[in-house]
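# Close look at the chain arrangement
Below, each chain spelled out in residue letters.
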Amino acid sequence: MSRIGVGLMAASLLVYLAVSVWLAVMFFAVGTGVSIGMGIALLVLAPLGAWALVREMQFGFAADRLGRTLDAEGGMPEAETELTPSGRLRAEDAAPLIARYEAEADAAPDDWRARYRLGVVQDASGRRKDARASIRAAIRLARR
């Protein structure tokens, strides 16, 4: 199902880029200062947005690949405590778990598995920014 979503996003990106270029050409054809400025803005911002989307997709694919590998090895963290109805860790349970997984990741600085597990626990506790940073570090370590 997620591959269908990625395909739709890629197709939407191509349509967006095509429409942006077409609109930029139309703005240039008008020939006023404002329209030329709008055309330039479209030619700069559209590829910038495309770059950001491609980077996000690369992150998602790499994180998914590592997650599937770790799960196949039986190394994904188990839910040790009761979760909230939304599937998150309870606030009082999150801090000790995060501290434990941080200590494991710090003890094995070259192990992508430990860093990935930390990211999973951080995500389950609602710390999205920290989770993305940990998973990004795991991706970098796995590439070595």
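Scope of this entry: the structure provided in the associated data block.

Conventions and cut-offs
- Residues numbered from 1 in each chain as written.
- Predicted model: local features only at pLDDT ≥ 70, side-chain atom pairs only at ≥ 80, totals over all residues.
- Heavy atoms only, no water.
- 1 Å grid on protein atoms, 1.4 Å probe; cavity = no way out; pocket = protein on both sides within 12 Å on 5 of 7 lines; lining within 4 Å.
- Points joined across faces, edges and corners; volume = space filled by probe spheres on them.
- Helix = DSSP H or I, 4+ residues; strand = E, 2+ residues; numbered from the N terminus.
- Nonpolar A, V, L, I, M, F, W, Y, C, P; charged D, E, K, R; others polar.
- Expected span 1.5 Å × (residues − 1).
- Buried < 20%, exposed > 50% of the residue type's maximum accessible area, 1.4 Å probe, protein only.
- Arc of directions from axis to C-beta.
- Contact = heavy atoms within 4.5 Å.
- Axes fitted to C-alpha atoms, helices over the stretch in contact; angles between N-to-C directions.
- Parallel < 35°, antiparallel > 145°, perpendicular 65-115°, else oblique.
- Left-handed = near helix turned anticlockwise from the far one by under 90°.
- Patch = residues over 30% accessible without salt bridge, like charges linked within 9 Å, V, L, I, M, F, W, Y side chains within 5 Å.
- Areas by Shrake-Rupley, 256 points an atom, 1.4 Å probe, with all protein chains shown as cover.
- Salt bridge = Lys/Arg side-chain N within 4 Å of Asp/Glu carboxyl O.
- Lys, Arg positive; Asp, Glu negative; His and termini not counted.
- Charge placed at Lys NZ, Arg CZ, Asp CG, Glu CD.
- Phe/Tyr/Trp six-rings, centres within 6.5 Å; stacked < 30°, edge-to-face > 60°.
- Lys NZ or Arg CZ within 6 Å of the ring centre and 35° of its normal.
- Core = buried A, V, L, I, M, F, W, Y, C linked by side-chain atoms within 4.5 Å.

### With respect to the layout of surface pockets
Looking at the largest pocket, its volume works out to about 180 Å³. If you go around the largest pocket, the residues you meet are Arg55, Gln58, Phe59, Arg136, Ile139, Arg140 and Arg143. Elements with a contribution of two residues or more to the lining of the largest pocket: α2 (33-72) and α5 (128-143). Looking at the lining of the largest pocket element by element, the count peaks at four residues for α5. Of the residues contributing to the lining of the largest pocket, the split by class is two nonpolar, one polar and four charged.

### A look at helix α3 (residues 91-107)
The end-to-end C-alpha distance of α3 is 25 Å, a good match for the 24 Å that 17 residues give at a rise of 1.5 Å each. Every buried residue belonging to α3 is among Ala94, Leu97, Ile98, Tyr101 and Ala105, and all of these are buried. For α3, the angular spread of buried residues about the axis comes to 105°, placing them on one side. In α3, those exposed residues whose orientation departs by more than 90 degrees from the buried face are Glu92, Ala95, Asp106 and Ala107. Residues of α3 that are buried make contact with α4 (112-124).

### Thoughts on the packing of α4 against α5
How two helices pack is summed up by the angle between their axes together with the distance between the axes. Interaxial distance between α4 and α5 falls to 8 Å at its minimum, and their mutual angle equals 165°. By the angle between their axes, α4 is roughly antiparallel relative to α5. Our pair here, α4 against α5, has a crossing hand that is left-handed. Within the contact between the two elements, α4 uses Trp112, Arg115, Tyr116, Leu118, Gly119, Gln122 and Asp123 and α5 uses Arg128, Asp130, Ala131, Ser134, Ile135, Ala137, Ala138, Leu141 and Ala142. Split into classes, the residues belonging to the contact of α4 with α5 amount to nine nonpolar, three polar and four charged.

### A word on a positive patch on the surface
Together, Arg55, Arg65, Arg136, Arg140 and Arg143 line one region of the surface with positive charge. Secondary structure elements with two or more residues in the positive patch: α2 and α5. In terms of residue count, α5 provides more of the positive patch than any other element does, three residues in total. Looking at the element boundaries, Arg55 is found in helix α2. Residue Arg55 is classed as partly exposed on the basis of its relative accessible area, which comes to 47%.

### As for the packing of aromatic side chains
Applying the stated criterion to the full structure yields zero aromatic pairs. Against the face of Phe59 rests Arg136, its NZ or CZ located 4.9 Å from the ring centre.

### Digging into the nonpolar core
Grouped together as the largest cluster of nonpolar side chains are eleven residues: Phe59, Ala62, Ala63, Leu66, Leu70, Trp112, Tyr116, Ile135, Ala138, Ile139 and Leu141. At the level of elements, α2, α4 and α5 are the ones that each hand at least two residues to this core. For this core, the leading source of residues is α2, giving five residues. Each residue touching Phe59, except ones within four places of it in the same chain, is listed here: Arg132, Ile135, Arg136 and Ile139. Among the nonpolar cores identified, the runner-up in size contains nine residues, and Tyr101, Ala105, Ala114 and Leu118 belong to it.

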